[in-house]
There are 2 protein chains.
Amino acid sequence: MKRYGQVIRVKPERYEAYREYHRNVWPEIVELGRRCNIRNQTIFHRDGLLFRYFEYTGDDYEGDMAIAASDPRNQAWWELMQPMQEPLESCAEGEWWADMEELVHTE
Amino acid sequence: MKRYGQVIRVKPERYEAYREYHRNVWPEIVELGRRCNIRNQTIFHRDGLLFRYFEYTGDDYEGDMAIAASDPRNQAWWELMQPMQEPLESCAEGEWWADMEELVHTE
């Protein structure tokens, strides 16, 4: 299992809408995450910052993320979410949620 | 069990030192976290932002945090960590790591 921490900004004027969508996240999106070996996933917000934590239990992260990216329902979700978000300035071309470095973990 | 997401800044010039301390976190600090019912804790870094995720398994969060705060070894750790950190502008008086709002969770 590998832990992921990721960060992105939410546009302040879209925060309420973003929160509302996530209170009613589409079941297919949740199901797709499980199929792609994402577990124990949480998204947190404060001051326009979104933090995403999850645990990846598969053995082909790139492959599973490609499956997620190619899913039409997921693409429809992203088309709604992405205009509400702003990647960090340090993101590489095509990077959206910015991967963070794990400094410490305790069980 | 309750999930916590917290955020704080690390001073860019102290980031290397902060990382090094966490690569060699004191065993008593880890043990204290367990005694205070903190589980599955991870601290992530990107661009001067620190994101802390953990799961609290006790039934008296304030009480357990008070135990942690009164621990001399933990106080010694905080005296080293706090000068490297900068709380968010929105923090209340006395707030350090800023609690985030959970927007969504999936198993």
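Each remark here, short or long, concerns the structure printed above.
Residues numbered from 1 in each chain as written. Chains lettered and ligands numbered in written order. Predicted model: local features only at pLDDT ≥ 70, side-chain atom pairs only at ≥ 80, totals over all residues. Heavy atoms only, no water.

Caption draft 1: How the structure looks around the pairing of strand S3 (residues 49–56) of chain B. Residues and elements named next belong to chain B. With eight of eight residues buried, S3 lies mostly within the body of the structure. Here S3 shows two buried faces, one formed by Leu 49, Phe 51, Tyr 53 and Glu 55 and the other by Leu 50, Arg 52, Phe 54 and Tyr 56. As paired elements, strand S1 (residues 2–10) and S3 share eight bridges and run antiparallel to each other. Within S3, the position partnered with Ile 8 by the bridge is Leu 50. Strand direction decides the pairing type here: strand S2 (residues 38–46) and S3, joined by seven bridges, are antiparallel. Bridge pairing in S3 places Arg 46 opposite Leu 49. The hairpin formed by S2 and S3 contains two residues between the paired strands, and Asp 47 there has a positive phi angle of roughly 50°. (Buried < 20%, exposed > 50% of the residue type's maximum accessible area, 1.4 Å probe, protein only. Helix = DSSP H or I, 4+ residues; strand = E, 2+ residues; numbered from the N terminus. Pairing = 2+ DSSP bridges.)

Caption draft 2: Structural detail: the pattern of salt bridges. Under the definition given, this model contains 18 salt bridges over all chains. Across the salt bridge formed by Glu 31 of chain A and Arg 35 of chain A, the nearest N and O atoms sit 2.4 Å from each other. Residue Glu 31 of chain A and its partner Arg 35 of chain A are located together in helix H2 (residues 27–35), separated by four residues, close to a single helical turn. Given a relative accessible area of 41%, Glu 31 of chain A falls into the partly exposed group. Of the charged contacts, one joins Glu 95 of chain B and Arg 46 of chain A as a salt bridge, the two residues approaching to 3.2 Å between their closest N and O atoms. Of this pair, Glu 95 of chain B sits in the loop between strand S4 (85–86) and strand S5 (98–99) while Arg 46 of chain A is found in strand S2 (residues 38–46), placing the two residues in two different chains. (Salt bridge = Lys/Arg side-chain N within 4 Å of Asp/Glu carboxyl O.)

Caption draft 3: A look at the interface of chain A and chain B. In this assembly, 42 residues from chain A lie in contact with 41 residues from chain B. Between chain A and chain B, roughly 3,600 Å² of surface is buried when both sides are summed, and carbon and sulfur atoms account for 57% of that area. Of all residues in chain A, the largest losses of buried area upon contact with chain B belong to Phe 44, Arg 46 and Leu 103 of chain A, amounting jointly to 22% of the total for that side. Counting across the interface, chain A meets chain B through four salt bridges. Across the pair Arg 19 of chain A and Glu 101 of chain B runs a salt bridge, and its minimum N-O distance is 3.0 Å. (Contact = heavy atoms within 4.5 Å. Buried area = accessible area lost by both parts, 1.4 Å probe.)

Caption draft 4: Layout of the packing of aromatic side chains. Summed over the entire model, instances satisfying the criterion amount to 16 aromatic pairs over all chains. Ring plane angle 85° and centroid distance 6.0 Å describe the contact between Tyr 21 of chain A and Trp 77 of chain A, whose orientation is recorded as edge-to-face. Of this pair, Tyr 21 of chain A sits in helix H1 (residues 15–23) while Trp 77 of chain A sits in helix H4 (residues 72–81), and the two are 56 residues apart along the sequence. What makes Tyr 21 of chain A partly exposed here is its relative accessible area of 29%. Residue classification places Trp 77 of chain A among the buried residues on the basis of a relative accessible area of 6%. Centre to centre, the rings of Trp 26 of chain B and Trp 77 of chain B are 5.0 Å apart; their planes meet at 75°, and the pair counts as edge-to-face. You can see Trp 26 of chain B sitting in the loop between helix H1 (15–23) and helix H2 (27–35) and its partner Trp 77 of chain B sitting in helix H4 (residues 72–81), a full 51 residues away along the chain. (Phe/Tyr/Trp six-rings, centres within 6.5 Å; stacked < 30°, edge-to-face > 60°.)

Caption draft 5: How the structure looks around the relation of the copies chain A and chain B. At an RMSD of 0.0 Å, chain A and chain B line up after a rotation of 180° and a shift of 0.0 Å along the axis. Overall, the copies show the geometry of a two-fold rotation axis. Mapped onto chain B, 98% of the interface residues of chain A again fall at the interface, so both copies present the same surface. (Least-squares fit on C-alpha atoms with pLDDT ≥ 70 in both.)

Caption draft 6: Main features of the side chain of His 45 of chain A. By secondary structure assignment, the location of His 45 of chain A is in strand S2. Residue classification places His 45 of chain A among the buried positions, given a relative accessible area of 10%. Here Gly 48 of chain A takes part through its backbone nitrogen, which lies 3.1 Å from a polar atom of the side chain of His 45 of chain A. Discounting chain neighbours no more than four positions away, the residues touching His 45 of chain A are Val 10, Tyr 15 and Leu 50 of chain A together with Met 100, Glu 101 and Leu 103 of chain B. (Polar contact = N/O pair within 3.5 Å; in protein donor to acceptor, adjacent residues only side chain to side chain.)

Caption draft 7: Spatial organisation of unusual backbone geometry. Residues and elements named next belong to chain B. A positive phi angle is found at Asn 37, which is not glycine, with a value near 70°. The residue Asn 37 is located in the loop between H2 and S2 in this model. Phi is positive for Asp 47, close to 50°, though the residue is something other than glycine. When you line up the elements, Asp 47 lands in the loop between S2 and S3. We classify Asp 47 as partly exposed; its relative accessible area is 42%.

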